[in-house]
Amino acid sequence: MISVLLIDDEPDHLATAKMHLEGTGSFTVDICPSAHEALFLLAQKQYDAVVSDYDMPVMTGLDLLKKLKAQGDPTPFIMLTGCGPEHVVIEAFNEGASFYLKKHDDKERQFAELSHKIQLAVRRHKEKRNLDLFVDVTRHDLLNKVAALSGYVELVRADSQDTKILGYLAKQQLLLTSIREQINFTRDYQNLGSQKPRWQELGETIRHAVAMLPPDITPPVCTGCKDIEIFADSLLVKVFYNLLDNSLRHGRHVTSMRFSSHKQAAGLAIVYEDDGIGITDREKESIFQKGKGKNTGLGLFLIREILGLTGITIRETGHRGTGVRFELLVPADGYRTTDRKSAE
């Protein structure tokens, strides 16, 4: 049996919907007349699905959806309403609604459709949960085996004086490092878009990225990065980390790295530069393609995917021999300045 919480401020609709759904023999239905009461019930009991009317006083169904998703509640959510503007439909899906259905006069057809959508949403949710669990367990086991193999390589290296064998061992260690990074990439890509985009302070996010680097690395210079917030996926820190990490891996003689930002007519430009060997003209676009870059070929691909979730673009505009120059363009509505002094 699928447990459903049905929310509507129309008592007649609540009673009719409960009767039809439970009449199928597939559902147990709890009903409540307001979003506030629904929050109380959801705190006490776990449901397989939530079905809510949109147009309710005090707190709308969309407000309830936002509240639940902000709390990290993964329960499938279906919006049901008599009428609603198109922007509400779009916003409902953006906020994580599984389906959006309109009420109509043919009750039999309406509740048959609702029954089907509930079952479909619950099945998809369970399948995703099972797949995530399988992937997490498999990734964990693979990382353990890679760590064990890496340990054996180091043991053999410690006991060998043969330069030829040592060379082979070094190549094996590089391959194991590449495998480990590809496995970790599956976790980042799996989490891509799993949380709502949020406002993130630019300078602070860059500092978090720097903290993920080896401790002996000279931190990058940041200009114009204070008191600016970017609306982006929660993996934004991975963007800045991968840019820095790529410089250290592939720049060969990098001695300095820099972040800066400036406003443009189209939005906010965030620029990352280093003083390494740079990128050739023919590689400027291909480096963002999956599997096309050096090492695993996944870092810059992931960067573009993360940024693209909120409409941020990235391109490389540096010159070979003088270092890389990555330009991120944040849309005008995707950044804001914070006046901390006035706030204090």
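What this report covers is the structure whose coordinates are included nearby. (Residues numbered from 1 in each chain as written. Predicted model: local features only at pLDDT ≥ 70, side-chain atom pairs only at ≥ 80, totals over all residues. Heavy atoms only, no water.)

Focus: helix 1 (residues 11-23)
In this model helix 1 runs 18 Å from its N-terminal to its C-terminal C-alpha over 13 residues, within 8% of the 18 Å that 1.5 Å per residue would give. Among the residues making up helix 1, those that are buried are His13, Leu14, Ala17, His20 and Leu21. Seen along its axis, helix 1 keeps its buried residues to an arc of 140 degrees; they face one direction. Set apart from the buried face of helix 1 by more than 90 degrees, the exposed residues are Pro11, Asp12, Met19 and Gly23. Looking at the packing, one finds that the buried side of helix 1 touches strand 1 (2-7), strand 2 (27-32), strand 4 (77-81) and helix 5 (107-159). (Helix = DSSP H or I, 4+ residues; strand = E, 2+ residues; numbered from the N terminus. Expected span 1.5 Å × (residues − 1). Buried < 20%, exposed > 50% of the residue type's maximum accessible area, 1.4 Å probe, protein only. Arc of directions from axis to C-beta. Contact = heavy atoms within 4.5 Å.)

Notes on the pattern of salt bridges
By the definition in use, this model includes 17 salt bridges. Of the charged contacts in the structure, one is a salt bridge between Asp30 and Lys45, with a shortest N-O distance of 3.0 Å. Of this pair, Asp30 sits in strand 2 while Lys45 sits in the loop between helix 2 (35-44) and strand 3 (49-53), and the two are 15 residues apart along the sequence. We classify Lys45 as partly exposed; its relative accessible area is 38%. One salt bridge connects Glu327 with Arg315, and the closest N-O pair in it is separated by 3.1 Å. A residue pair is termed long-range when its members are at least 10 positions apart, and Glu327 in strand 12 (residues 325-331) and Arg315 in strand 11 (residues 313-316) qualify at 12 residues. (Salt bridge = Lys/Arg side-chain N within 4 Å of Asp/Glu carboxyl O.)

Some thoughts on the nonpolar core
Residues Ile230, Val239, Phe240, Phe326 and Leu328 are the most contacted members of the largest nonpolar core, which totals 37 residues. Elements supplying a minimum of two residues to this core: helix 7 (202-211), strand 8 (228-232), helix 8 (236-250), strand 9 (257-264), strand 10 (267-274), helix 9 (299-308) and strand 12. What Phe326 contacts, discounting residues up to four positions off in sequence, is Leu243, Ile270, Val271, Tyr272, Ile279, Ile287, Phe288, Leu300, Ile314, Arg315 and Glu316. In terms of nonpolar packing, the next biggest core, distinct from the first, is built from 22 residues, Leu42, Met59, Leu64 and Leu68 among them. (Core = buried A, V, L, I, M, F, W, Y, C linked by side-chain atoms within 4.5 Å.)

Focus: the packing of aromatic side chains
Tallied over the full model, the rule gives four aromatic pairs. Where Trp199 meets Phe231, the ring centres are 5.3 Å apart and the plane angle is 50 degrees; that geometry is what we call tilted. With a gap of 32 residues between them, Trp199 in strand 6 (residues 198-201) and Phe231 in strand 8 connect regions that are remote in the sequence. For the pair Phe259 and Tyr272, a centre-to-centre distance of 4.8 Å together with 45 degrees between the ring planes defines the contact as tilted. Of this pair, Phe259 sits in strand 9 while Tyr272 sits in strand 10, and the two are 13 residues apart along the sequence. Judged by its relative accessible area of 0%, Tyr272 is buried. One aromatic cluster is present, built from ring pairs that chain together Phe240, Phe259 and Tyr272. For Arg304, the ring lying beneath its charged end belongs to Phe288, and the centroid distance is 4.1 Å. (Phe/Tyr/Trp six-rings, centres within 6.5 Å; stacked < 30°, edge-to-face > 60°. Lys NZ or Arg CZ within 6 Å of the ring centre and 35° of its normal.)

Details of the pairing of strand 2
Judged from the six bridges that link them, strand 1 and strand 2 form a sheet pairing that is parallel. By the bridge assignment, Leu6 is partnered in strand 2 with Ile31. Taken together, strand 1, helix 1 and strand 2 form a β-α-β motif whose crossover is right-handed. (Pairing = 2+ DSSP bridges. Right-handed = clockwise from strand over helix to strand, strands pointing away.)

Observations regarding the sheet that holds strand 11
Sheet architecture is open: five strands sit in the order 7-9-10-12-11, paired in mixed fashion. The sheet is open, and its two edges are formed by strand 7 (221-223) and strand 11, each paired on a single side. Averaged over all pairs of adjacent strands, the angle between strand axes in this sheet comes to 15 degrees, irrespective of strand direction. Examined bridge by bridge, strand 10 and strand 12 share seven bridges and lie antiparallel to one another. Opposite Gly267, over in strand 12, you have Pro331 as the bridge partner. Contacts between helix 8 and the sheet are confined to strand 9, strand 10 and strand 12, with strand 9 contributing the most and set at about 135 degrees to the helix. (Axes fitted to C-alpha atoms, helices over the stretch in contact; angles between N-to-C directions.)

Regarding the side chain of Ser150
Mapped onto the elements of the fold, Ser150 is located in helix 5. Of note is the side chain of Ser150, whose polar atom sits 2.8 Å from the side chain of Gln173. If sequence neighbours within four positions are ignored, Ser150 has contacts with Gln173, Leu176 and Arg180. (Polar contact = N/O pair within 3.5 Å; in protein donor to acceptor, adjacent residues only side chain to side chain.)

Regarding the environment of Thr313
As for its placement among the helices and strands, Thr313 is situated in strand 11. Once you skip the residues sitting within four places of it in the chain, Thr313 turns out to touch Glu327, Leu328 and Leu329.

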